[in-house]
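Chain residues, written in single-letter form:
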Amino acid sequence: MNYCQIIKADTANGIGFRLSLFVSGCRNHCQGCFQPQTWDFNYGQPFTQKVADELLDELNKPFYDGVTILGGEVFEPENQPIVLQFLRQIKAKFPQKTIWLYSGYVYEKQLKIGGSRYLPGITNVILSLADILVDGPFILSKLDVTLNYRGSSNQRIIDLKQSQKFGRTILSPLN
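Being a predicted model, the structure only gives us computed values, none of them experimental.

(A) Local environment of the pattern of salt bridges. Taken as a whole and assessed by the stated rule, the structure comprises eight salt bridges. Here arginine 117 makes a salt bridge to glutamate 76, at a shortest N to O gap of 3.1 Å. Here arginine 117 is found in the loop between α3 (107-111) and α4 (123-129), whereas its partner glutamate 76 is found in the loop between β4 (66-71) and α2 (80-93), with 41 residues between them in sequence. Using a relative accessible area of 15% as the deciding quantity, one classes arginine 117 as buried. Overlapping salt bridges bring together Arg27, Glu76, Glu78 and Arg117 as one network.

(B) The arrangement of the sheet that holds strand β2 (residues 18-23) in detail. Strands sit in the order β3-β1-β2-β4-β5-β6-β7 across an open sheet of seven strands; the sheet is mixed. Looking along the sheet, the strands with just one partner apiece sit at the ends: β3 (45-46) and β7 (156-159).

(C) The arrangement of the packing of helix α1 (residues 49-59) against α2 in detail. As a packed pair, α1 and α2 sit with axes 11 Å apart at the nearest point and diverge in direction by 30°. Put simply, α1 runs roughly parallel to α2. Where α1 crosses over α2, the handedness of that crossing is right-handed. Contact residues: α1 offers Gln49, Ala52, Leu55, Leu56, Asp57 and Leu59, while α2 offers Gln85, Phe86, Gln89, Ile90 and Lys93. Here the residues of the contact of α1 with α2 sort into six nonpolar, three polar and two charged.

(D) Region of the structure containing unusual backbone geometry. We note that histidine 29 has phi near 50°; this positive angle belongs to a residue other than glycine. Checked against the element boundaries, histidine 29 lands in the loop between β2 and β3. The phi torsion at tyrosine 149 lies on the positive side, around 65°, for a residue other than glycine. Looking at where tyrosine 149 falls in the secondary structure, it is placed in the loop between β6 (132-135) and β7.

(E) Structural detail: the side chain of aspartate 10. Its location among the elements puts aspartate 10 in strand β1 (residues 2-10). Among buried Asp, Glu, Lys and Arg side chains, aspartate 10 stands out as unpaired, with arginine 18 the closest opposite charge at 7.0 Å. With sequence-adjacent residues up to four places away left out, aspartate 10 is seen in contact with Gly16, Phe17, Arg18 and Ser20.

(F) Expanded view of the packing of aromatic side chains. Counted by the stated rule, this structure contains five aromatic pairs. Ring geometry for phenylalanine 17 and phenylalanine 63: centres 5.9 Å apart, planes at 80°, overall edge-to-face. In this pair, phenylalanine 17 is assigned in the loop between β1 and β2 and phenylalanine 63 in the loop between α1 and β4, connecting sequence segments 46 residues apart. Here the guanidinium or amino end of lysine 97 rests over the ring plane of phenylalanine 94, the centre of that ring lying 5.7 Å away.

(G) Examining α2 more closely. Look at α2: 20 Å from first C-alpha to last across 14 residues, which is about the 20 Å you get at 1.5 Å a residue. Each element contacted by the buried residues of α2 is listed here: β2, α1, β4, β5 (98-102) and α4.

(H) Up close: the environment of isoleucine 6. Assignment of secondary structure puts isoleucine 6 in strand β1. The exposure class of isoleucine 6 is partly exposed, given its relative accessible area of 28%. Between the alpha carbons of isoleucine 6 and glycine 25 there is a distance of 15 Å; along the sequence they are 19 residues apart. Those residues in contact with isoleucine 6, other than ones at most four positions away along the chain, are Leu19, Ser20, Leu21, Val51 and Leu55.

Reading guide: rules and limits
Residues numbered from 1 in each chain as written. Predicted model: local features only at pLDDT ≥ 70, side-chain atom pairs only at ≥ 80, totals over all residues. Heavy atoms only, no water. Salt bridge = Lys/Arg side-chain N within 4 Å of Asp/Glu carboxyl O. Helix = DSSP H or I, 4+ residues; strand = E, 2+ residues; numbered from the N terminus. Buried < 20%, exposed > 50% of the residue type's maximum accessible area, 1.4 Å probe, protein only. Pairing = 2+ DSSP bridges. Axes fitted to C-alpha atoms, helices over the stretch in contact; angles between N-to-C directions. Parallel < 35°, antiparallel > 145°, perpendicular 65-115°, else oblique. Left-handed = near helix turned anticlockwise from the far one by under 90°. Contact = heavy atoms within 4.5 Å. Nonpolar A, V, L, I, M, F, W, Y, C, P; charged D, E, K, R; others polar. Lys, Arg positive; Asp, Glu negative; His and termini not counted. Phe/Tyr/Trp six-rings, centres within 6.5 Å; stacked < 30°, edge-to-face > 60°. Lys NZ or Arg CZ within 6 Å of the ring centre and 35° of its normal. Expected span 1.5 Å × (residues − 1).

The structure is reproduced here in structure tokens:
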């Protein structure tokens, strides 16, 4: 997996101060995408264990509330195994920090069992480690700059912990 950007002390992509990792590779190709260069899986730099260790050291600073992983596309099959490995490291070292994920794919249709981006033993674990999923493709005709943490009105902020607890999609009060 490659990554194209890391933003330290980010406040735009989730609640509080966040360490945001932008992965490369996306097949959605949303019209009006703010980072079309991230569609290319080879864009940016390789995400190595050295990079992961540097991010974990950064995350150790007490002002961080958590991590946000976005892209590109977190749930492309090529990215999921490395995202999972990194999330496991985060949770092992910082169980109190929150994890936000962004995906252009729809939770119920593409990320659940039987979905086009579901990888057995990987996707469900990624979702179980995360707290929030912002899902859905960016749709230019639904652009809404007044929304928090998302770009178009079709996108949802899903509370993954509550969704898993009750077995149905539960939206965050942030919607």
